[in-house]
Number of protein chains: 2
Amino acid sequence: MDRSSFLQLPFLRDLNETTAVALLANVKQRSPRKWTTLIKEGEFPDFLHIIVDGFVELFSSHNDKEVTFEIAEPASPLFLTAVMCGGVSVYSARTITPSRILMIPAQDVRDLCKRDPLFAQTIINRIADGYNRSLRDIKNIRLCSNFERAANWILQTGRSQDNNGRIELKFGKAKLAALLGMPPETLSRSFALLREHGVRSFGRTIIIENMFALAKMCHAKKTL
Amino acid sequence: MDRSSFLQLPFLRDLNETTAVALLANVKQRSPRKWTTLIKEGEFPDFLHIIVDGFVELFSSHNDKEVTFEIAEPASPLFLTAVMCGGVSVYSARTITPSRILMIPAQDVRDLCKRDPLFAQTIINRIADGYNRSLRDIKNIRLCSNFERAANWILQTGRSQDNNGRIELKFGKAKLAALLGMPPETLSRSFALLREHGVRSFGRTIIIENMFALAKMCHAKKTL
DNA sequence: CGCACGCTTGATGCTGCTCAATTTGTGTGG
DNA sequence: CCACACAAATTGAGCAGCATCAAGCGTGCG
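Parameters at a glance
Residues numbered from 1 in each chain as written. Chains lettered and ligands numbered in written order. Predicted model: local features only at pLDDT ≥ 70, side-chain atom pairs only at ≥ 80, totals over all residues. Heavy atoms only, no water. Buried < 20%, exposed > 50% of the residue type's maximum accessible area, 1.4 Å probe, protein only. Helix = DSSP H or I, 4+ residues; strand = E, 2+ residues; numbered from the N terminus. Arc of directions from axis to C-beta. Contact = heavy atoms within 4.5 Å. Least-squares fit on C-alpha atoms with pLDDT ≥ 70 in both. Buried area = accessible area lost by both parts, 1.4 Å probe. Salt bridge = Lys/Arg side-chain N within 4 Å of Asp/Glu carboxyl O. Polar contact = N/O pair within 3.5 Å; in protein donor to acceptor, adjacent residues only side chain to side chain. Nonpolar A, V, L, I, M, F, W, Y, C, P; charged D, E, K, R; others polar.

**Points about helix α5 (residues 106-115) of chain A**
Turning to step 1, where the next piece is worked out: The complete set of buried residues in α5(A) reads A:Ala106, A:Asp108, A:Val109, A:Leu112 and A:Cys113. What you see down the axis of α5(A) is that its buried residues fit within an arc of 160°, all on one side. Residues of α5(A) that are exposed and angled more than 90 degrees away from the buried face: A:Lys114 and A:Arg115.
Turning to step 2, where the next piece is worked out: Check the buried side of α5(A) and you find it contacts α3 (17-23), β3 (47-53), α4 (80-85), β8 (100-105) and α6 (117-143) of chain A together with α6 (117-143) of chain B.

What follows is the structure, given as structure tokens:
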């Protein structure tokens with residue numbers, strides 16, 4: 001994969017070309033295999049990472065327990081706030097699939113941000129996105145039952161991946177459970193209940209037989 | 001209160017003087033009484049608000065239930081991300097004490113951010129702070145019991161307000177409960193249990209008789 | 001004096017976590 | 001291609017935390 005195709009990545013695509021080229025001046029690339037830890041919470045990231053391919057779990061540990069904040073997808077920048085503030089990462093990151101990742105020296109990002117107000121705005125937008133997402137997560141945790149969170153996730157994912165109500169999981173159900181903040185057993189039970197609402201799952205494929213009914217059920221309960 | 005004293009506020013203090021003066025060019029001021037709603041979630045804030053005096057609850061509602069994200073203190077900027085991204089506020093805001101608030105036109109903030117890289121950096125730092133705080137909250141919700149969250153809040157607040165282990169609540173216990181994400185009854189029960197660990201409370205005063213013991217207890221359980 | 005509000009305490013039921021036992025699925029080597 | 005081993009997913013039983021409903025106090029204010 002070469003420079004020109006990097007410029008197609010959403011994060012870089014939004015920048016004007018000279019900015020993007022400047023960012024890529026000292027870019028490195030790595031292709032970590034599954035279960036590679038990219039960084040541990042409390043460490044300083046030397047590079048802004050951008051996922052080209054694969055999925056990366058962002059999580060935090062305490063007393064042998066883990067909390068999963070997010071499963072980052074291709075095109076997501078990682079450690080953006082830590083890089084921009086010159087601080088440590090507040091989460092650990094590990095690949096949960098084989099991945100390909102761009103690495104841009106932290107100093108380059110900071111320098112460019114200082115010189116290019118448009119880039120600064122892009123960065124602000126990205127950080128704000130993450131912030132808003134985490135606030136939405138808090139609201140979800142507080143107001144929705146496990147079952148409702150699972151139902152909503154399936155509904156929303158089924159809508160965005162518009163394969164006609166068919167979802168292909170990119171990772172195991174256990175990771176989905178972690179993302180939704182519950183143990184695998186509980187997610188499994190939720191799936192069992194959802195079967196009565198027209199949701200079947202075969203391995204990593206989930207099929208929503210009646211999207212409209214599911215939407216109505218979610219709304220009747222509590223949709224955010 | 002006049003201009004020169006505004007410049008002492010932490011948010012403005014970090015800026016160089018010309019920047020701060022520019023920000024204050026079109027500043028307005030209001031002094032809402034208790035229980036005034038400043039904005040409702042989904043609305044566009046026309047002004048960046050900065051609390052001079054008083055406390056403001058940031059919350060979100062759904063189906064007659066509320067989630068409190070934060071109780072903002074004097075010097076906190078409100079709606080910063082919405083203003084910078086030109087989007088809507090994702091939370092509602094209401095005063096929970098009589099307050100005094102500065103209002104800076106949103107467009108002024110955006111313009112200045114574009115012209116002044118240092119100001120842009122300050123904004124990034126602020127948004128990142130909020131982001132990190134919300135991630136810490138998620139971790140707390142997921143890993144700590146209600147009792148533990150209450151104990152940790154008292155410990156940390158007792159340390160920062162270093163009145164020698166004496167805490168003066170600026171609002172009722174019910175709001176503290178909301179901030180910690182539990183009903184008032186549960187907070188009350190937590191206080192009852194904490195009495196056995198040397199924490200007394202009289203009205204809005206909380207006294208930690210043995211800070212060290214409390215810290216040890218928190219650590220034995222799970223401190224974040 | 002009495003009403004309202006904030007806080008506490010008690011009793012009850014539900015949600016969801018934990019532990020444990022199967023069952024299903026997957027990949028490997030004979 | 002089958003047999004086996006291992007991991008992933010499901011199902012069941014029991015229990016703890018916590019929300020909810022409801023009642024009892026104390027304090028302040030009209």
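**Considering the relation of the copies chain A and chain B**
Turning to step 1, where the next piece is worked out: Of the transformation placing chain A onto chain B, the axial shift is 0.0 Å and the rotation is 180°, giving an RMSD of 0.0 Å. Interpreted geometrically, this transformation is the action of a two-fold axis. Ranked by how close their C-alpha atoms come to the rotation axis, the residues of chain A are headed by A:Tyr131, at 2.4 Å.

**As for the interface of chain A and chain B**
Turning to step 1, where the next piece is worked out: Across the boundary between the two partners, chain A contributes 42 residues, which contact 42 residues of chain B.
Turning to step 2, where the next piece is worked out: The largest contributions to the chain A side of the interface with chain B come from A:His62, A:Tyr131 and A:Arg142, which together make up 18% of the buried area.
Turning to step 3, where the next piece is worked out: For the pair chain A and chain B, the number of links is two salt bridges.
Turning to step 4, where the next piece is worked out: Here A:Glu41 makes a salt bridge to B:Lys139, at a shortest N to O gap of 3.6 Å.
Turning to step 5, where the next piece is worked out: Viewed at the interface, chain B and chain A are joined by five residue pairs in polar contact (both at pLDDT 80 or more).
Turning to step 6, where the next piece is worked out: For the side of chain A that touches chain B, the leading source of residues is α6(A), giving 19 residues.
Turning to step 7, where the next piece is worked out: A breakdown of the residues in the side of chain A that touches chain B according to their chemical character gives 20 nonpolar, twelve polar and ten charged.

Purely geometric stuff here, so don't read any function into it on its own.
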